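Survey of secondary and tertiary structure
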Amino acid sequence: MEEKKQKKINGSFPLQLHHKLAERKKNKNLRTLPDYFPKYDFSSNDYLGFAKVKSITEKAHDLLKEESNINSATSSRLIRGNYSLLEKTERELAAFYQSETALIFNSGYLANLGLLSSILTKDAIVFYDELAHASIRDGLQLGYGRSYKFQHNQVADLAKKIKLQQSKHPNTAIYVITEAIFSMDGDGPNLNEILQVCKNTNCYLIVDEAHSNPIFKLKDLLSEHALNDVFARIVTFGKGIGVHGAAILGSEKLKAYLVNFSRSFIYTTAAAPHMAASIIAAHRHFEADKNQLSFLKENISQFRSVMHQLNLQHYFIESYSQIQSCVIKGNEKVSQAAAFLQEKEFDVRAIKSPTVPQGKERLRFCIHSFNNPSEIEAVLKNLAVYLTDY
Ligand SMILES: Cc1ncc(COP(=O)(O)O)c(C=O)c1O
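Residues numbered from 1 in each chain as written. Predicted model: local features only at pLDDT ≥ 70, side-chain atom pairs only at ≥ 80, totals over all residues. Heavy atoms only, no water.

Applied cut-off: UniProt positions are given in the numbering used here, feature names are shortened, and annotations may be inferred rather than shown by experiment.
The name given to the protein chain in an unreviewed UniProt entry is 8-amino-7-oxononanoate synthase, and the organism recorded there is Psychroflexus salis. Of the protein chain, the UniProt comment under Sequence similarities (unreviewed entry) reads exactly: "Belongs to the class-II pyridoxal-phosphate-dependent aminotransferase family. BioF subfamily."

Some remarks on the UniProt feature "domain: Aminotransferase class I/classII large" (unreviewed entry) in the protein chain
Basically, it comes down to this: Per the convention used, a helix needs a DSSP run of H or I reaching at least four residues, while a strand needs a run of E reaching at least two, with both numbered from the N terminus.
Taking the numbering used here, the UniProt-annotated feature "domain: Aminotransferase class I/classII large" (unreviewed entry) corresponds to residues 40–380. The span residues 40–380 shows a helical share of 43% and a strand share of 16%, and its end C-alpha atoms are spaced 13 Å apart.

Here's the deal with the site of the ligand
We apply this condition: Any residue with at least one heavy atom within 4 Å of a molecule or strand is counted as near it. Under this definition, polar contacts are N or O atom pairs within 3.5 Å; protein pairs additionally need one hydrogen-donor-capable and one acceptor-capable atom, and for neighbouring residues in sequence, both atoms have to be side-chain atoms. Asp, Glu, Lys and Arg are counted as charged, while Ala, Val, Leu, Ile, Met, Phe, Trp, Tyr, Cys and Pro are counted as nonpolar; the rest, among them Gly, fall into the polar class.
Taken together, the neighbourhood of the ligand is formed by 13 residues, with Gly-108, Tyr-109, Asp-208, His-211 and Lys-239 sitting nearest. Tyr-109 places a polar main-chain atom, nitrogen or oxygen, 2.9 Å from an oxygen atom of the ligand. Side-chain polar atom of His-211 to an oxygen atom of the ligand: 2.8 Å apart, as the coordinates give it. The element that contributes the greatest number of residues to the shell around the ligand is helix H5 (residues 108–119), accounting for three residues. Class assignment of the residues belonging to the shell around the ligand gives a composition of two nonpolar, eight polar and three charged.

Digging into the layout of surface pockets
Quick reminder of the rule: A cavity here means a set of 1 Å grid points, computed over protein atoms only, where a 1.4 Å probe fits but cannot escape. A pocket is an open set with protein on both sides within 12 Å along at least 5 of 7 lines, and lining residues have an atom within 4 Å of a point. Grid points are joined across faces, edges and corners, and a volume is the space filled by probe spheres set on the points.
By volume, the second largest pocket amounts to about 260 Å³. Lining the second largest pocket are 14 residues, with Ser-117, Ser-118, Leu-142, Tyr-144 and Arg-263 positioned closest to its centre. With five residues, H5 is the single largest residue contributor to the lining of the second largest pocket. Along the lines of polarity and charge, the residues of the lining of the second largest pocket split into seven nonpolar, five polar and two charged.

Re the packing of aromatic side chains
Threshold: Only rings of Phe, Tyr and Trp enter the pairing, Trp through its six-membered ring, and a pair is recorded when the two centres are within 6.5 Å. The plane angle decides the type: under 30 degrees is stacked, over 60 is edge-to-face, the rest tilted. Geometrically, a lysine NZ or arginine CZ counts as sitting over a ring once it is within 6 Å of the ring centre and also within 35 degrees of the ring normal.
The final tally for this structure, using the stated rule, is 16 aromatic pairs. Taken together, a centroid distance of 5.9 Å and an interplanar angle of 80 degrees make the contact between Phe-303 and Phe-316 edge-to-face. Note that Phe-303 is positioned in helix H13 (residues 291–309) and Phe-316 in the loop between H13 and strand E9 (323–327), a separation of 13 residues in sequence. Following the ring pairs from residue to residue traces out a cluster consisting of Phe-50, Phe-96, Tyr-97 and Phe-286. Taking NZ or CZ as reference, Lys-52 lies 5.2 Å from the ring centre of Phe-370, over its face. When the ring centre of Phe-340 is taken as reference, the NZ or CZ atom of Lys-344 above it lies at 3.8 Å.

Digging into the nonpolar core
The test is simple: By nonpolar core is meant a set of buried Ala, Val, Leu, Ile, Met, Phe, Trp, Tyr and Cys residues that side-chain atoms within 4.5 Å join together. Relative accessibility under 20% of the residue-type maximum defines a buried residue, over 50% an exposed one, and the middle range a partly exposed one, all with a 1.4 Å probe and only protein chains included. We call two residues contacting when some pair of their heavy atoms lies within 4.5 Å.
Judged by nonpolar contacts, the single largest core of 65 residues is most densely connected at Phe-316, Leu-363, Phe-365, Leu-380 and Leu-383. Take this core: its biggest share by element is eight residues, from helix H12 (residues 273–288). Residue contacts for Phe-316: discarding those within four places in its chain leaves Phe-303, Met-307, Gln-324, Ser-325, Cys-326, Phe-365, Leu-380 and Leu-383. Formed by 24 residues, the second largest nonpolar core is a distinct cluster that contains Ala-111, Ile-119, Tyr-128 and Leu-140.

Thoughts on the environment of Lys-28
As for its placement among the helices and strands, Lys-28 is situated in the loop between helix H2 (15–26) and strand E1 (40–41). Residue classification places Lys-28 among the partly exposed positions, given a relative accessible area of 43%. A sequence separation of 324 residues divides Lys-28 from Lys-352, and the C-alpha atoms of the two residues are 9.2 Å apart. Aside from chain neighbours lying at most four places away, what touches Lys-28 is Asn-331, Glu-332 and Lys-352.

Quick word on empty space enclosed by the protein
By rolling a water-sized probe across the atoms, one finds the places where empty space is left. With the rule as written, the count across this model stands at two cavities of 30 Å³ or more. There is about 120 Å³ of room inside the largest cavity. Grouping the constituent residues of the lining of the largest cavity by class yields seven nonpolar, two polar and four charged. As a volume, the second largest cavity reaches approximately 80 Å³. Contributing to the lining of the second largest cavity are Arg-77, Leu-86, Ile-104, Phe-105, Asn-106, Ser-264, Phe-265, Thr-268, Thr-269, Ala-270 and Ala-271. Of the residues that constitute the lining of the second largest cavity, the class distribution is six nonpolar, four polar and one charged.

A look at the pattern of salt bridges
Using the following cut-off: Definition used for salt bridges: Asp or Glu carboxyl oxygen within 4 Å of a side-chain nitrogen of Lys or Arg.
Summed over all chains, the structure comprises 12 salt bridges. Here Glu-92 and Arg-284 are joined by a salt bridge, their closest N and O atoms 2.5 Å apart. Here Glu-92, found in helix H4 (residues 84–96), pairs with Arg-284, found in helix H12; they are 192 residues apart in sequence, far enough to count as distant. Salt-bridge contacts for Asp-229 lead to Lys-199; the nearest nitrogen and oxygen are separated by 2.9 Å. Placement of Asp-229 in the loop between helix H9 (218–221) and strand E7 (232–236) and of Lys-199 in helix H8 (residues 191–201) is noted, with a sequence separation of 30 residues between them. Through salt bridges with shared partners, one network takes in Arg-77, Glu-90 and Lys-255.

Below, the structure written as structure tokens:
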């Protein structure tokens, strides 16, 4: 019987892959696609609620009618997929983000893949924060050069490691990549100090703004006029902007380089017109109405103040942003905590290892402009009950 079962697995699905899935199940970290979403959203990245704004959909539709009447870019950008609405979108993005140029990618994942794999030539080195997003790590794996991590947000560690590599390889191009707001911890580095280290050592700084955009402008996180000293920026539009896609911001030369060498830009069908139109409409909406941004900032303060009132702060990773993470060690324990809150209609997700390091499993609370103060109070009161009673 056992033998028969084994054969069946072998015949329809490789045994090695079966074992990998079984291991996940055993470790209580098997991923499955959710089909139920509790009422109160504390998990999506739609921080400003733009994903549901009807006027963005309508304006995008109007733009499509005015500027483009096709459903697809029809080919990659370098073949026949370069159309005027896409170029117009890039010009608007460059102005919005105060950058010389913008180059659109189909997602932030692909932008990081295409940027990092293409700059990490044989004679280059990239230093990345140890908590860098998977898209950054995957991009580095595709490069030919070497990459080294530095301790999370530790500028002194970064400086020491740069010095060591420069003494061994004096002519190597060195890049440093970090995130303005980290997706899992919600904290951010001292970007001015990192930029200063890069300037002192002739390294090139790259900042991934996936979770800070458009809530915390990079210009405001840096000292005056420092924006132009950043080599490359990654902005994504599927989170705070509420649509889809991404762009790499930087100089004309960087854009030309990516158009020539970035494989996730070159070997794929260009962004569809409806994506370009949505990107423009969402950015114009942000410019015209800053109410949601104020609501979000008030909600972040409210969340942090209730957290302190309930004396929960020592469970949380210190963060001033809309991402607030409560560490509950162990995949099983953190899943139980998430289930407890979800039963009460609070959509709070457990982030388990290996997505985060073992022992750092957490409930990640994503705060939005549309969460109302009573929801915020209620979710934290329920969390307090869970932490004391279970
Ligand atoms: C830091 C960071 N960079 C890039 C991405 C990928 O962006 P996208 O969802 O547009 O592929 C993410 C997504 O979670 C992220 O957290």
